[in-house]
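Coordinate analysis (summary)
Residue-level listing of the chains:
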Amino acid sequence: ALPRDLVGRRVLVTAGGTREALDPVRYLGNRSSGKQGFAIALAAVARGAQVTVIAANTALAAPPGVTVVEVTDARDLQRQVQAHVGSADAVVMAAAVADFRPAAVVESKIKKQDGRGPAPIQLLTNPDILAELGAQRTGQRPVIVGFAAETGDENGSVLDHGRAKLARKGCDLLVVNRVGPGRAFEVEDNAATILAADGSEPVQVAFGPKIDLAAAICDLVAERLTRLDSGDRE
Ligand code: C5P
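Before going into details, it helps to say that this report is about the structure given with it. (Residues numbered from 1 in each chain as written. Predicted model: local features only at pLDDT ≥ 70, side-chain atom pairs only at ≥ 80, totals over all residues. Heavy atoms only, no water.)

Thoughts on helix α3 (residues 129-136)
Which entries qualify depends on this criterion: Classification of residues uses two cut-offs on accessible area relative to the type maximum, computed with a 1.4 Å probe and protein chains only: under 20% is buried, over 50% is exposed, and between them is partly exposed. Every helix listed is a DSSP run of H or I at least four residues long, and every strand listed is a run of E at least two residues long, numbered separately from the N terminus. Read the arc as the range of directions from the helix axis to the C-beta atoms. Each polar contact in these results corresponds to two N or O atoms within 3.5 Å; when the atoms are within protein, one needs to be able to donate a hydrogen and the other to accept it, and residues that are neighboring in sequence are counted only if both atoms are side-chain atoms.
Residues of α3 that are buried: I129, L130, L133 and G134. Around the axis of α3, the buried residues are gathered within 140 degrees of arc, so they sit on the same side. Here α3 starts with a cap whose side-chain oxygen sits 3.3 Å from the backbone nitrogen of L130, and that cap is D128.

In structure tokens, the structure reads:
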């Protein structure tokens, strides 16, 4: 039987990937399907939580019992996260948020111009919603979980990048997964290392269904919320 360790908890999950409009028909986007975020929502509901998913461009049905709010771009996602975070006990930021957006949305479809090359696209930096949550939190609630999709490179290991990101974003847990062709995005399976800010050992989740990683995240969130409750009583 599933643990009912999230009864009475409100969990806010972001899922999918933002799309940043370039003109009325084009956008800058990414390959996130939303499957991992929806799996987290499903796992949390099954354990008794009240769950809201802020879904960016997912083509997935709302899991039973989950409230879904649809958004398109990073700033929509930011508005909805801010609108819902106040009542949340935990926030899981599984969405792939575009780091940049076109500086201006062109009003009519950008046309090919004979004899001239492509027009350059100017970009602006989007707000970092996760970092903002970490910075605005006064106590230890909500528990904040971030994701880091890392391809790994020559300048240090995936986990080194993860540790730095955990600190920089001010989250409690960071789910680090490797991405790349056939990995993580648009597929059914995932593998990850979950890093914790409280100094506890990283949790390795073996390659398997996204619901397994979702369960591991719920375990850690439930544990932290229980710990915070007992702290409150002392
Ligand atoms: O910095 P990076 O994009 O790798 O961070 C990934 C984490 O930060 C994810 O949890 C993602 O949802 C969140 N994020 C965000 N706002 C951004 C970029 C990423 O909340 N603009």
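Examining the state of the cysteines
Structurally, a disulfide amounts to a covalent bond that connects the sulfur atoms of two cysteines. Formally: Two cysteine sulfur atoms form a disulfide, by the criterion used here, when they sit within 2.5 Å.
Enumeration according to the criterion identifies zero disulfides in this entry. C171 forms no disulfide, and the closest cysteine sulfur to it belongs to C218, at a distance of 16 Å. Assessed through its relative accessible area of 4%, C171 is described here as buried. Under the relative-accessibility criterion, C218 is labelled buried at 3%.

Quick word on the site of the ligand
Rules: The cutoff for a nearby residue is simple: one of its non-hydrogen atoms must lie within 4 Å of the molecule or strand.
Inspection of the region around the ligand gives M93, A95, V97, D99, P127, D128, I129, L130, G146, F147, K165 and K169 as its neighbouring residues. Here P127 contributes a backbone N or O atom positioned 2.8 Å from a nitrogen atom of the ligand. Between I129 and the ligand, the recorded distance is 3.0 Å, taken from a backbone N or O atom to a nitrogen atom.

A few points about the environment of G34
In plain terms, the rule: Throughout, a contact is declared for two residues whenever any of their heavy atoms are within 4.5 Å.
Inspection of the secondary structure puts G34 in the loop between β3 (27-28) and α1 (35-46). Take G34: its relative accessible area is 4%, and that puts it in the buried class. For G34 and T58, which are 24 residues apart along the polypeptide, the C-alpha to C-alpha distance reads 5.5 Å. Beyond its immediate sequence surroundings of up to four residues, G34 is in contact with A15, G16, T58 and L60.

Some points on the pattern of salt bridges
Any two side chains of opposite charge can pair if their charged atoms end up close together. Worth spelling out the cut-off: Just to be clear on terms, a salt bridge is a Lys or Arg side-chain nitrogen sitting within 4 Å of an Asp or Glu carboxyl oxygen.
Going through the model one piece at a time under the given rule, you end up with 10 salt bridges. Put simply, D5 and R47 hold a salt bridge, and the shortest N to O gap is 2.9 Å. On the criterion of sequence distance, the pair formed by D5 in the segment before β1 (10-16) and R47 in the loop between α1 and β4 (50-56) is long-range, its members being 42 residues apart. Looking at R47, the relative accessible area reads 2%, which means it is buried. Among the salt bridges present, the one from R137 reaches D172, with a minimum N-O distance of 2.7 Å. Note that R137 is positioned in the loop between α3 and β9 (143-150) and D172 in the loop between α4 (158-169) and β10 (173-178), a separation of 35 residues in sequence. For D172, a relative accessible area of 18% puts it in the buried group. Each of D5, R47 and D219 takes part in salt bridges that share partners, so that together they form one network.

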